[in-house]
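# Chains, contacts and geometry: an overview
Listed here are the chains, written in short residue letters.
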Amino acid sequence: MKDFNFVSPTRIHFGKNAMNFLSEEIKNKYKKVLLVYGQNSIKKIGVYDAVISQLSSANVEYFEISGVRPNPEISKVKEGLKLVRENNIDLILAVGGGSVIDTAKSIAASFYYDGDPFDLNLHKVKPEKALPLGVVLTISASGSELSDSCVVMNDSTKVKQGFNSDVVRPAFAIMNPEYTYSVSKYQTACGIVDIISHSLERYFSPSENLEVSDSLALSIMKDTIEAGKVAIKDPNNYDARAALMLLGAYSHNGLTSLGKEKQMPIHKMEHALSAYDIRIAHGAGLSILIPAWMEASYKNDVDKFVRFTKEIFSVEEKNKINTALKGIALLREYFQSIGMSISLKEVELSSKDIPSLVEMMFADTRMIGQKSINPLSKEDVEEMLQSIL
C-alpha cells in the first residue's frame, strides 16, 4: 500500500427528513445563494419548493440558474459565474445529479480565476480555492456529491474533460433516497453503470495482493448490482434506492483507491464518446466500453479478474482464463438485463465514426491508462472499438 493523504469533508444528511437540515447548514453562515439545477423535474417532484422553503427559513437571498443539461457545457458555467460576481453570492447550491453538481463546482472554482473557466479542465491552471458548495442530490450515479472531480464540456472544441481538486468537495450533501423514485428506469440504469465503473476502474488499477481498497471496491460493485436489480424492478423500493445513493457517493469519494495510484481509462474514453455525440448518456457509453476494455485487458492481470468473477458473481471455472472471461460475460449480460447498450451500433455509431473517435480519445495523450494494467495505444483502442460495433 502506498502512502496517501485523504480528505472527505462533506457532511451528509441522509434519509427521509434530510431536507430539514438545509436551513441549518445555511442560516447565519451565508447571505446570498446561487441555486443551480437542470430542467423542471425538481419542480415536478416537489424538491424545488422544499429547497425554496428552506432558503426562506434561513433568511437568505437566492438567485437561480437552470437548464443544466447532461454532458454539462462550459457556457452554463460562465452564465452562473457572471451571476455570482454581480451579486456577491457566497454559496453555490446544486440541486440535481452529476451534471448539475459539476457545473456548480466549476462555477465555485472559477470564481477565484480571471481566465477562461475551462482552463481548469484543460489543466492549464490548478484551483487554489473555491466558493463553498452544497448539494441536494436527486439521482444516484456520479458520486460528485462527495468527490473531488469536476467534468464539463466545451461544445466549440468538442472536448469533455475533468479536473480533480479537494477544494471542490462539497461542504454538505442533502441525500433523501425518495427524491430518486421518479428517476426513469433508463437513467437509473445509467447511474448503476456509472457507480460500478467508478469502483471497477479503481479496482483494476495496479495494486498489491492485500489491498484494502480493492476489497471495498468489490463490495461496492456487488452491492450496486444487487440493489440495482431491485430498483429497476421496483422504483419506489426505499432500501434499494438508499443503497444506490450511498454506494454512488462512496464509489467516487476516494475510498476505493486509497493507497493506490488510480487510473480511469474507461472514463477517459467515454468522455470522448459522449463528447463526439452528446445524445449518448454517460452510463450508456460506459456500459459499451467497460466489457470491451476488460476483454482487452484481462490477460495482464488474470488473478485480479478471477477474484472479480468469484466475488461479484460467485462463479469459478476450471481454469483462470475461463473464469476471467465468464466474469466479463456476466457483467455484459447484467448491463443488458437493465436495459443498457453493449455495442456502438445501439447508440447509432458505425465503423466510419471510429477514426474520429480515436483521434478525440488521444487528443491530449499518446497512451490511455499509461500506468494502468493495460496501457492502450491508438491501434489498441481502434481494435477494441471495432470489436463492439
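One can find the structure itself at the top, above this paragraph.
We now turn to the structure provided with this report. Here the structure is a predicted model, which means the values were calculated and not measured. (Residues numbered from 1 in each chain as written. Predicted model: local features only at pLDDT ≥ 70, side-chain atom pairs only at ≥ 80, totals over all residues. Heavy atoms only, no water.)

### Points about the packing of helix H10 (residues 265-276) against helix H11 (residues 282-297)
Think of two packed helices as two axes; the pair is described by the angle between the axes and how far apart they sit. Put simply, the rule is: Axis geometry follows a simple rule: fit a line to the C-alpha atoms, using only the stretch in contact for helices, then measure angles between N-to-C directions, giving values from 0 to 180 degrees. Numbering of helices and strands runs from the N terminus; a helix is a DSSP stretch of H or I covering at least four residues, while a strand is a stretch of E covering at least two. The scheme is simple: roughly parallel for angles under 35 degrees, roughly antiparallel for over 145, roughly perpendicular for 65 to 115, oblique for anything else. Crossing handedness: left-handed means the near helix sits turned counterclockwise from the far one by under a right angle, and right-handed means the same turn made clockwise. What makes two residues a contact is simply this: any of their non-hydrogen atoms within 4.5 Å.
As a packed pair, H10 and H11 sit with axes 9 Å apart at the nearest point and diverge in direction by 135°. Considering the angle they form, H10 stands oblique to H11. Here H10 runs over H11; the crossing is right-handed. Residues Pro-265, Ile-266, His-267, Met-269, Glu-270, His-271 and Leu-273 of H10 form the contact with H11, whose own contacting residues are His-282, Gly-285, Leu-286, Leu-289, Ile-290 and Trp-293.

### Let's talk about helix H14 (residues 354-361)
Along an α-helix, residues three or four apart share an orientation, since each turn contains 3.6 residues. Selection rule: Between buried and exposed lies partly exposed: a residue is buried under 20% and exposed over 50% of the maximum accessible area for its type, with that area taken using a 1.4 Å probe on protein chains only. The arc in question is the one spanned by the directions pointing from the helix axis to the C-beta atoms.
Taken residue by residue, H14 has Ile-354, Leu-357, Val-358 and Met-361 as its buried positions. For H14, the angular spread of the buried residues around the axis is 100°, confining them to a single face.

### Points about the pairing of strand S8 (residues 172-175)
Threshold: Note on pairing: two strands pair once DSSP finds at least 2 bridges between them.
Of the two faces of S8, the one holding Phe-172 and Ile-174 and the one holding Ala-173 and Met-175 are both buried throughout. Two elements, strand S1 (residues 11-14) and S8, share four bridges in a ladder whose sense is parallel. Of the residues in S8, the one forming a bridge with Ile-12 is Ala-173. Where strand S5 (residues 133-137) lies against S8, four bridges are found, and the strand directions are parallel. Considered in S8, the bridge of Val-135 is made with Ala-173.

### What to know about the packing of aromatic side chains
For the record, the criterion: Two aromatic rings from Phe, Tyr or Trp, using only the six-membered ring of Trp, form a pair when their centres are within 6.5 Å; if the ring planes differ by under 30 degrees the pair is stacked, by over 60 it is edge-to-face, and anything between is tilted. Whether a charge sits over a ring comes down to the Lys NZ or Arg CZ being within 6 Å of the ring centre and within 35 degrees of the ring normal.
Under the definition given, this model contains nine aromatic pairs. Through pairs of rings, three or more aromatic residues link up here, namely Tyr-203, Phe-204, Trp-293, Tyr-298, Phe-305, Phe-308 and Phe-313. Directly above the aromatic system of Tyr-48 lies the positively charged group of Lys-43, at a separation of 4.8 Å from the ring centroid. A cation over an aromatic ring shows up here: Lys-304 above the ring of Tyr-203, its NZ or CZ 4.9 Å from the ring centre.

### Topic: the packing of helix H7 (residues 185-203) against helix H8 (residues 212-233)
Worth spelling out the cut-off: Gly counts as polar in this scheme, as do all residues outside two lists: the nonpolar Ala, Val, Leu, Ile, Met, Phe, Trp, Tyr, Cys and Pro, and the charged Asp, Glu, Lys and Arg.
Where H7 meets H8, the axes come as close as 8 Å, and the angle between the chain directions of the two elements is 170°. Considering the angle they form, H7 stands roughly antiparallel to H8. Of the residues in H8, those touching H7 at Lys-185, Thr-188, Ala-189, Ile-192, Ile-195, Ile-196, Ser-199, Leu-200, Arg-202 and Tyr-203 are Asp-214, Ala-217, Leu-218, Ile-220, Met-221, Thr-224, Ile-225, Gly-228, Ala-231 and Ile-232. For the contact of H7 with H8, the residue count by class is 13 nonpolar, four polar and three charged.

### Brief notes about the nonpolar core
The cut-off we apply is this: We call a set of buried Ala, Val, Leu, Ile, Met, Phe, Trp, Tyr and Cys residues a nonpolar core when their side-chain atoms join them within 4.5 Å.
Counting residues in each nonpolar core, the largest one holds 63 residues, and the members touching the most others are Leu-200, Trp-293, Met-294, Phe-308 and Leu-385. Sequence-distant contacts of Trp-293, defined by excluding residues within four places in its chain, comprise Phe-204, Pro-265, Ile-266, Met-269, Phe-305, Ile-373, Leu-376 and Met-384. Core analysis: the second largest hydrophobic core is formed by 33 residues, Val-36, Ile-65, Ala-109 and Ala-173 among them.

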